[in-house]
Amino acid sequence: WKVGYIEVERPPFYFGKSRPERLRLELTPPPLLYHAFGGDIDRLVYHMNRLAEDAIRALRAARKRPVMGARALRRLHPWSEPRTLRESGGGRVPTFRIGARGIVGRVERIGAAKEVHSFRAEHEDCRVARRDGDHERRFPFGTYAWRAYHGAPVETAPLPGAVIAKPGPVLCDVQAELDRERRARDEVRDESHAIVDAVRQAFVDEAEEIVEDATLDLAEPTPHNPPRGKAGTNGGKTDNTASDGGEPARDERDPAVVRHRFDKRRVETARRIITLRDRRRGRPPRGSGSHGSDPPG
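Each chain carries its own residue numbering, running from 1 in the direction its sequence is written. A pLDDT threshold of at least 70 governs which residues receive local features in this predicted model, and a stricter bar of 80 or more applies before side-chain atom pairs are shown or counted, although totals over entire chains, interfaces and linings include all residues. With hydrogens and water excluded, all non-hydrogen atoms of the structure serve as input to the side-chain values.

1. Quick look at the overall build of the protein
Every helix listed is a DSSP run of H or I at least four residues long, and every strand listed is a run of E at least two residues long, numbered separately from the N terminus. Secondary structure summary: the protein contains seven helices and six strands in total. Residue pairs in contact within the protein that sit at least 24 positions apart in sequence constitute 45% of those at least 6 positions apart. Carbon and sulfur atoms form 53% of the exposed surface of the protein, whose accessible area is close to 22800 Å². In this description, contact between two residues means that some pair of their heavy atoms is separated by no more than 4.5 Å. Under the convention used here, a 1.4 Å probe and the Shrake-Rupley method define accessible areas, while residue burial counts only the protein chains that appear.

2. Remarks on the nonpolar core
By size, the foremost hydrophobic cluster in this structure holds 12 residues: L33, Y34, A36, F37, I41, L44, V45, L51, L171, V174, L178 and V196. Of all the elements in the fold, those that place two or more residues in this core are α1 (31-36), α2 (41-62) and α6 (171-181). For this core, the element with the most residues is α2, which contributes four residues. Excluding residues within four positions of it along the chain, V45 makes contact with W1 and K2. Only buried Ala, Val, Leu, Ile, Met, Phe, Trp, Tyr and Cys residues count toward a nonpolar core, and they belong to the same one when joined by side-chain atoms within 4.5 Å. A 1.4 Å probe rolled over the protein chains alone gives each residue an accessible area, and that area as a share of the maximum for its type sets the label: buried under 20%, exposed over 50%, partly exposed in between.

3. Examining the side chain of H77
In this fold, H77 is placed in the loop between α3 (70-75) and α4 (102-131). Take H77: its relative accessible area is 12%, and that puts it in the buried class. Apart from residues no more than four positions distant in its own chain, H77 is found in contact with R272, I273 and I274.

4. Examining the confidence of the model for the protein
Summarising the model, the protein shows a mean pLDDT of 77, and 70% of its residues fall at 70 or more. Per-residue confidence from the prediction method is given by pLDDT, with values spanning 0 to 100. Within the protein, the element-level pLDDT minimum falls on strand β3 (residues 232-234), averaging 42, and the maximum on α4, averaging 93. Low pLDDT, under 50, characterises residues 218-248; the predicted model gives this stretch 43 contacts beyond four residues in sequence or across chains. Scored below 50 in pLDDT, residues 290-297 makes 14 contacts in the model with residues more than four places away or belonging to other chains.

5. Considering α4
In this model, α4 (30 residues) spans 44 Å end to end at C-alpha, consistent with the 44 Å of a helix rising 1.5 Å per residue. Among the residues of α4, G105, A112, E115, V116, C126, A129 and R130 are the ones counted as buried. Elements that come into contact with the buried residues of α4 comprise α5 (145-150). In the segment just after α4, G133 is the residue with positive phi, at about 110°. Here, expected helix span is obtained from the residue count minus one, scaled by 1.5 Å.

6. Here's the deal with the environment of I98
Summarising the element assignment, I98 is placed in the loop between α3 and α4. For the pair I98 and E108, spaced 10 residues apart in the sequence, the C-alpha separation amounts to 7.2 Å. Here I98 is in contact with G105, E108, R109 and A112, once residues within four sequence places are set aside.

7. Things to note about the pattern of salt bridges
Take a side-chain nitrogen of Lys or Arg and a carboxyl oxygen of Asp or Glu: if they are within 4 Å of each other, that pair is a salt bridge. The full count for this structure, using the stated rule, is 11 salt bridges. A salt bridge links R24 to E7, with the shortest nitrogen-to-oxygen separation between them at 3.6 Å. Pair noted here: R24 is in strand β2 (residues 22-26) and E7 is in strand β1 (residues 5-9), with a separation of 17 residues, a long-range link. Via salt bridges that share partners, E7, E9, R22 and R24 belong to a single interconnected network.

This is the structure we're talking about:
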């Protein structure tokens, strides 16, 4: 945002020499965020960096278990999958998200939900009317597909009090408004600090949920591990069985360990860990045309 652009060089493949060798990509901050900081890019970038650091700190404090680490990550096989149950899926994907907190945020969420509900109902009524031959009825403001692909008429302005369908200002309009208003720097600073504090508090409040959703249990050590086998003597003969039930001890020089995702044994010396998806073994049935659920060998 400070520089205002980045230069992208032409890749050595796919694009011919008729294309320019270098393209300039203009970068601008979001207009509303730019307006909140009074057009001060330096302060805006400073507070965005601080927010990113505070968010990382909040996530680290909410994490109950240590991170995997670079060494453990390099030992994982590319086909390994998280040792967790299959995701249920089918959850509702939110249409919008309100950043305000407290009673203000609750009131805005209720109003936005009502607006989305009425938009969908009106859109469906217009679709049915157009199917029945009424090509003059206008779709609600914000409809794109029917206008772009079918040439259907669309309302030219949102409804009064709209939040979701209301278009935001462009950057040039914000810059012109700031030039006209010439707001005092103290007033701008107070408003921007309130926005930053609200976002920081939102990260602190939701850090535990974010960490819980983003957990990938790939190499978690278990508290109850069977003891490792040790070579001993038994009547002058070498005994290479484990002490917990006769399981053969694994060679310390094994380059890889293949195990199921629910295997609780702790592996420390393997150079690579291959985690299988389920317990099915062997080749797939003849003529099935697939390799089953396990990755190919």
